[in-house]
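# Structural characterization, general
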Amino acid sequence: MITNRTFTMLKPDSVEKGNIGAILEKINAAGFRIVAMKLTHMTKRDAEAFYAIHNERPFFDELVEYMTRGPIVAAILEKDNAVEDFRALIGATNPEEAAEGTIRKLYAASIGENAVHGSDSNENAAIEGAFHFSGREMF
Ligand code: IDP
Ligand code: MG
């Protein structure tokens, strides 16, 4: 199993605000290689499945509404220690608690609209990457 990969989404707010380029710049500068990438629009069903682990949480409907309101950029990234290093690069879920210079500190508006997703484990990185990409789309 490949364990040096993670999965990310530049969420609808990042696309709406024209922040795709700036965020990719940070990702490149941090040494991640792009394995797969596309602009895509999640359906309600997609978002409910992707975030199924949160379906009992009070913010679930809001999260699905947010993630489906416009296109996202989905990508698989490769680097030594990818999952942990990418979580460090994006910062805390709540941008008010995110460290200076992190993507969420720079580009997130709130705990709900927080600019980017990053997988939380190698196992979830593989599951989430496979949710969005076929093997033929990974390079
Ligand atoms: P993570 O994205 O930092 O891993 P999770 O706890 O896995 O954070 O939550 C998934 C997503 O759900 C968050 O990125 C955010 O968009 C949304 N979310 C998390 N907590 C809240 C909340 O308290 N209110 C609204 N949305 C939330
Ligand atoms: Mg999470």
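Whatever comes next refers back to the structure up there.
Summary of the structure given here.

### Looking at the site of ligand 1
As a matter of local geometry, ligand 1 sits amid K11, H54, F59, E62, L63, R87, T93, R104, I111, G112 and N114. One of the side-chain N or O atoms of R87 is found 2.9 Å from an oxygen atom in ligand 1. Contacts to ligand 1 include N114, whose side-chain N or O atom sits 2.8 Å from an oxygen atom. Within the complex, the protein chains bury 81% of what would otherwise be the 530 Å² of accessible surface of ligand 1. Grouping the amino acids of the shell around ligand 1 by side-chain chemistry returns three nonpolar, four polar and four charged.

### Let's talk about the environment of P95
Within the element layout of this structure, P95 appears in the loop between α5 (82–90) and α6 (103–107). In this structure the C-alpha to C-alpha distance between P95 and M42, which are 53 residues apart in sequence, comes to 24 Å. Residues within four places of P95 in sequence aside, it is in contact with R104, K105, A108, A109, S110 and I111.

### Some remarks on unusual backbone geometry
Here the phi dihedral of N81 falls at roughly 60 degrees; this positive angle occurs in a residue that is not glycine. Along the polypeptide, N81 turns up in the loop between β3 (72–78) and α5. In this structure, A115 takes a positive phi of about 75 degrees despite not being glycine. Assignment of secondary structure puts A115 in the loop between α6 and β4 (116–118). Classification of A115 by relative accessible area gives buried; the value is 0%.

### Quick look at helix α7 (residues 122–132)
Given 3.6 residues per turn, any residue in an α-helix points the same way as the ones three and four places further on. Among all positions of α7, only A125, E128, G129 and H132 are buried. The buried side chains of α7 occupy one side of the element, clustering within an arc of 100 degrees when seen end-on. Residues of α7 that are exposed and angled more than 90 degrees away from the buried face: E123 and A130. Buried residues in α7 make contact with β1 (5–10), β2 (33–40), α3 (44–50), β3, α5 and β4.

What counts and how
- Residues numbered from 1 in each chain as written.
- Chains lettered and ligands numbered in written order.
- Predicted model: local features only at pLDDT ≥ 70, side-chain atom pairs only at ≥ 80, totals over all residues.
- Heavy atoms only, no water.
- Near = heavy atom within 4 Å.
- Polar contact = N/O pair within 3.5 Å; in protein donor to acceptor, adjacent residues only side chain to side chain.
- Areas by Shrake-Rupley, 256 points an atom, 1.4 Å probe, with all protein chains shown as cover.
- Nonpolar A, V, L, I, M, F, W, Y, C, P; charged D, E, K, R; others polar.
- Helix = DSSP H or I, 4+ residues; strand = E, 2+ residues; numbered from the N terminus.
- Contact = heavy atoms within 4.5 Å.
- Buried < 20%, exposed > 50% of the residue type's maximum accessible area, 1.4 Å probe, protein only.
- Arc of directions from axis to C-beta.

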